[in-house]
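Fold and contact review
Chain by chain, the residues run as shown.
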Amino acid sequence: MKDKVKYGHELLDIEIPEGTDLSILLPKQHPTGVRLEEEIVEDALAHPIGAGLLAEEIHAGDTVCILTNDITRLTRSHIYIPILVRELNKAGVPDGDITILFANGMHSAMTEEQMCSLITEDIYRRVTVVQHDCEESPCQLVGTTSYGHEVWANKIAMVADKLILTGGILVHHMAGFGGGRKDIIPGCARKDTILSNHKMVIDPNAQAGVLENNPVHLDFMEACAFTPPAYLLNVICDDHGMIYQAVAGHWREAYLHGAELAKDFYLYPIPERPDIVIASCGGFPKDIDLRQSKKGFYNASRAVKKGGVIICLAECPEGCSKEMDDPFEEWLGRYPDKDSVVAELKRKVNMGGLNCYKVRECQAHCRLILITALDQKRMAEVNVECYPKEQLNEVIRTVLAEYDHPKVLYMPQATLTLPLVCPLMLPEGGFSKSSWLAFANYEEKQ
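A few points on the structure. (Residues numbered from 1 in each chain as written. Predicted model: local features only at pLDDT ≥ 70, side-chain atom pairs only at ≥ 80, totals over all residues. Heavy atoms only, no water.)

1. As for the overall build of the protein chain
Operational definition: Strands are runs of DSSP state E lasting at least two residues, helices are runs of H or I lasting at least four, and both sets are numbered from the N terminus onward. This radius of gyration counts C-alpha atoms alone. The globule rule is 2.2 Å times how many residues there are, raised to the power 0.38. Here's how the labels work: a residue is buried when its accessible area is under 20% of the maximum for its type, exposed when over 50%, partly exposed in between, all with a 1.4 Å probe on protein chains only. Only heavy atoms matter for contacts: two residues are in contact if any of them lie within 4.5 Å across the pair. Residue burial considers only the protein chains on display, and all accessible areas are found by Shrake-Rupley using a 1.4 Å probe.
Tallying secondary structure elements over the protein chain gives 16 helices and 20 strands in all. The C-alpha radius of gyration computed for the protein chain amounts to 21 Å, which stays within 12% of the reference 22 Å derived for 446 residues, consistent with globular compactness. Along the three orthogonal principal directions, the C-alpha set of the protein chain runs to about 70 × 50 × 40 Å. A buried classification covers 57% of the 446 residues belonging to the protein chain. Taking the contacts inside the protein chain whose residues are at least 6 apart along the sequence as the reference set, 74% of them involve residues at least 24 apart. Carbon and sulfur atoms make up 50% of the accessible area of the protein chain, which totals about 17900 Å².

Here is the structure:
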């Protein structure tokens, strides 16, 4: 099999030798050109879930804060933010009463050019635009969750009369799915609030594609309820990055409906585990650094056999983490295995440790090989095996030669395809909606 696979901003030639027992996991294809992205967003706003129309929930005289994603999440916000602002204007809310707050979480601040690219230069010039800084932005205490976590959220968002959540619903490696409530934690929360939540990454129920009994998700939901948002607009993007579905309305009901739609798009049943998974994170910005790339090889690890091999394409031009204060690489150097990371996280949690945990969790299950721009010698020192892009096909041939008759799974869009190994598949190859948690539990036991 020959293909061109995404790697940063490039397409690399990949070859899987003839005769290989190969399966390919591709995102579901949807008809293109049937509806414009703008029409999909407008239709969602015209048919809200669990709430009235936007003009019935937000009125003239209200100050409005719109939370939206940063540059690490390309969710086509330049499509839906102008529509949302237009609808607010029609509801009687002038530009001067609208603030857009970039929910950066613990990510670095963006440039003006990046912000304009996300919301359009027109909107950037018309409304107040602010970036959340988890260490410097004034925050206020809005409540304490049942997990004992104080929720400190950006004061600009909290003092607005009406708060709107926006973003994309994607598979998330520990919260089940992104979008919705994540605009609060980690989006506009204080650093200690974010870390208190994220330390639950070591909980076995904190896994991708599962919301039921997921403590990270449930903590998010409790925190969001303290704020509470007046409205939500979330989109689901296809493998080309285009909006193909959208939900709007009540922050909880619309979001959970959107998560069900996302399950149908992003979760893929496979009947058995392969020996080898060859995966691409999906190119920029999904592989901008190792911190983001881990979501791709995490998904791949959900498929591969215990002791198998993952070959993952992840350019990582920004290194282990593009965030200036993230001690990710330092943790990789100090803690060579999953148990040592867990022990230290229980003592002291930080983002570097959380990122390190996901790498070591994957390596505890299988051999992880990265095709990357990361320095090969330096990564060897921190127990991460990697090779440059020029050696992609050589690495594939070498790994295949180590097996007699390996089963191989190819995942060219690993961050958009979450495999679920399940012998209980329906005849048509799908799942019954009520069985997702049972399948997730089956996965955990494997």
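2. Concerning the environment of A189
Position of A189 among the secondary structure elements: in the loop between β11 (176-177) and α7 (191-198). Given a relative accessible area of 0%, A189 falls into the buried group. On a C-alpha basis, the gap between A189 and F265 in space is 29 Å, while along the polypeptide they are 76 residues apart. Setting aside residues up to four positions removed in sequence, A189 forms contacts with H132, C134, W152, A153, I184 and I194.

3. A word on the environment of I371
The residue I371 is located in strand β17 (residues 367-371) in this model. Between the alpha carbons of I371 and K389 there is a distance of 5.5 Å; along the sequence they are 18 residues apart. Filtering out sequence-adjacent residues up to four positions away, I371 remains in contact with Y7, I311, C312, L313, A314, E315, Y387, P388, K389, L392 and V395.

4. What about the packing of helix α1 (residues 37-46) against helix α3 (residues 77-90)?
Keep this limit in mind: Lines fitted to the C-alpha atoms define the axes, with helices restricted to the stretch that makes contact. Angles between their N-to-C directions range from 0 to 180 degrees. Any angle between 65 and 115 degrees counts as roughly perpendicular, while under 35 counts as roughly parallel, over 145 as roughly antiparallel, and the rest as oblique. Handedness of each helix crossing follows the sense of rotation of the near helix against the far helix: counterclockwise by less than a right angle gives left-handed, clockwise gives right-handed.
In the contact formed by α1 and α3, the axes pass within 10 Å of each other and the chain directions differ by 45 degrees. In terms of axis orientation, α1 runs oblique to α3. Where α1 crosses over α3, the two elements pack in a sense that is right-handed. Between α1 and α3, the residues in contact are E37, E38, V41, E42 and L45 and I79, Y80, I83, R86 and E87, respectively.

5. Let's talk about the pattern of salt bridges
We count it as follows: Salt bridges are defined by distance alone: a side-chain nitrogen of Lys or Arg within 4 Å of a carboxyl oxygen of Asp or Glu.
Enumeration according to the criterion identifies 27 salt bridges in this entry. The closest approach of N and O atoms between K389 and E10, which form a salt bridge, is 2.8 Å. With K389 in the loop between β18 (385-387) and α15 (392-400) and E10 in strand β2 (residues 10-15), this pair connects stretches of sequence that are 379 residues apart. Look at E10 and you get partly exposed, because its relative accessible area is 32%. Look at the salt bridges and you will find they share partners, linking E42, R86, E87 and K90 into a network.

6. Quick look at the sheet that holds strand β13 (residues 243-249)
For clarity, the cut-off: Two strands pair under a simple rule: DSSP has to find at least two bridges between them.
Read from one edge to the other, the open sheet built from six strands follows the order β6-β5-β4-β9-β12-β13, with strand pairing classed as mixed. A strand with exactly one partner marks an edge of an open sheet, and here the two such strands are β6 (128-131) and β13. For this sheet, the mean angle separating the axes of adjacent strands, direction not counted, is 15 degrees. Across four bridges, the pairing between strand β4 (residues 64-68) and strand β9 (residues 162-168) is parallel. In the strand pairing of β9, C65 is matched with L163.

7. With respect to helix α13 (residues 351-365)
The cut-off we apply is this: Expected span of a helix: the number of residues minus one, times 1.5 Å.
With 15 residues, α13 ought to run about 21 Å at 1.5 Å a step, and its terminal C-alpha atoms sit 22 Å apart, in line with that. Here α13 lies mainly inside the structure; 12 of its 15 residues are buried. Buried within α13 we find M351, G352, G353, L354, N355, C356, Y357, K358, V359, R360, C362 and H365. Summarising the contacts, the buried residues of α13 are in contact with α7, α10 (290-301), β16 (309-313), α11 (328-334), α12 (338-347) and β17.

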